[in-house]
Amino acid sequence: MSNFKEIITKAIIGKCKKKITSNYEIECEEKPNTILGCWVINHSFRGVNNLGKVNINGSFDVNVWYSYDNDTKTAVCTRKFTYSDVINVPLKENTKLTNSSEIIVNALKQPTVTDVKIKNGLVDLKIEKELGVEVIDNTTIKVAIEDDADEYEEIYDNENENELNINVDDLDDNYLETSTNNG
């Protein structure tokens, strides 16, 4: 006959990933002629529970290297952007997102500029990122407990005839001296 015990542990109760593409505009000091380079740095983010959905609030800096004055001069324009993305994480059966839930967000793909062009004197950017979300909370596991105790298995040492069995008390303390004097 088995009894059951309940173990309370932390477990992943929901997990998903989402690719997000957003458009941004940057106004530079000079009117750009050509975009020479564009990159995203300093990405930071945090996930929070918002009425049963995960809100990811983050920011990153965008650097745009461009030419101006009929492609005779260059400059770099830097802007900080913030974002707030809502992700409805599918949860396992009989679980829900609570204030005690731990939300872990990972950037599976850092924000990257996928398209950049000059439009009406502004730098028009398309930035893509992929975020992974795990929701961790307490869960209960039922395990069967057997009434029978698990007995120890007794082992026996086998005496081997080839083994050297020496009684320490029978050793000659002057062995080295007598063997060197006799030899």
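Look above for the structure.
Anyway, here's the lowdown on the structure attached to this text.

Rules of the game
- Residues numbered from 1 in each chain as written.
- Predicted model: local features only at pLDDT ≥ 70, side-chain atom pairs only at ≥ 80, totals over all residues.
- Heavy atoms only, no water.
- Phe/Tyr/Trp six-rings, centres within 6.5 Å; stacked < 30°, edge-to-face > 60°.
- Helix = DSSP H or I, 4+ residues; strand = E, 2+ residues; numbered from the N terminus.
- Buried < 20%, exposed > 50% of the residue type's maximum accessible area, 1.4 Å probe, protein only.
- Salt bridge = Lys/Arg side-chain N within 4 Å of Asp/Glu carboxyl O.
- Lys, Arg positive; Asp, Glu negative; His and termini not counted.
- Contact = heavy atoms within 4.5 Å.

What follows is about the packing of aromatic side chains. Scanning the entire structure with this criterion turns up five aromatic pairs. Ring centres of phenylalanine 60 and phenylalanine 81 lie 6.3 Å apart, and the angle between their planes is 45 degrees; on these two criteria the pair is classed as tilted. With phenylalanine 60 in strand E3 (residues 53-68) and phenylalanine 81 in strand E4 (residues 73-87), this pair connects stretches of sequence that are 21 residues apart. Judged on exposure class, the residue phenylalanine 60 and its partner phenylalanine 81 are both buried. The structure contains a cluster of three or more aromatic residues connected by ring pairs, namely Tyr24, Phe60, Phe81 and Tyr83.

Time to look at the pattern of salt bridges. Enumeration according to the criterion identifies six salt bridges in this entry. Ionic pairing is found between lysine 17 and glutamate 130, a salt bridge with its closest N-O pair at 4.0 Å. In this pair, lysine 17 is assigned in strand E1 (residues 2-26) and glutamate 130 in strand E6 (residues 122-146), connecting sequence segments 113 residues apart. We note a salt bridge from lysine 117 to aspartate 115, for which the minimum N-O separation is 3.4 Å. Given the relative accessible area of 32%, aspartate 115 is considered partly exposed.

This part takes up the side chain of aspartate 124. Tracing the backbone shows aspartate 124 in strand E6. Buried and without a salt bridge, aspartate 124 has lysine 119 as its closest oppositely charged side chain, separated by 4.3 Å. In this structure, aspartate 124 is in contact with Tyr24, Glu25, Asp115, Val116, Lys117 and Lys119, ignoring residues within four places of it in sequence.

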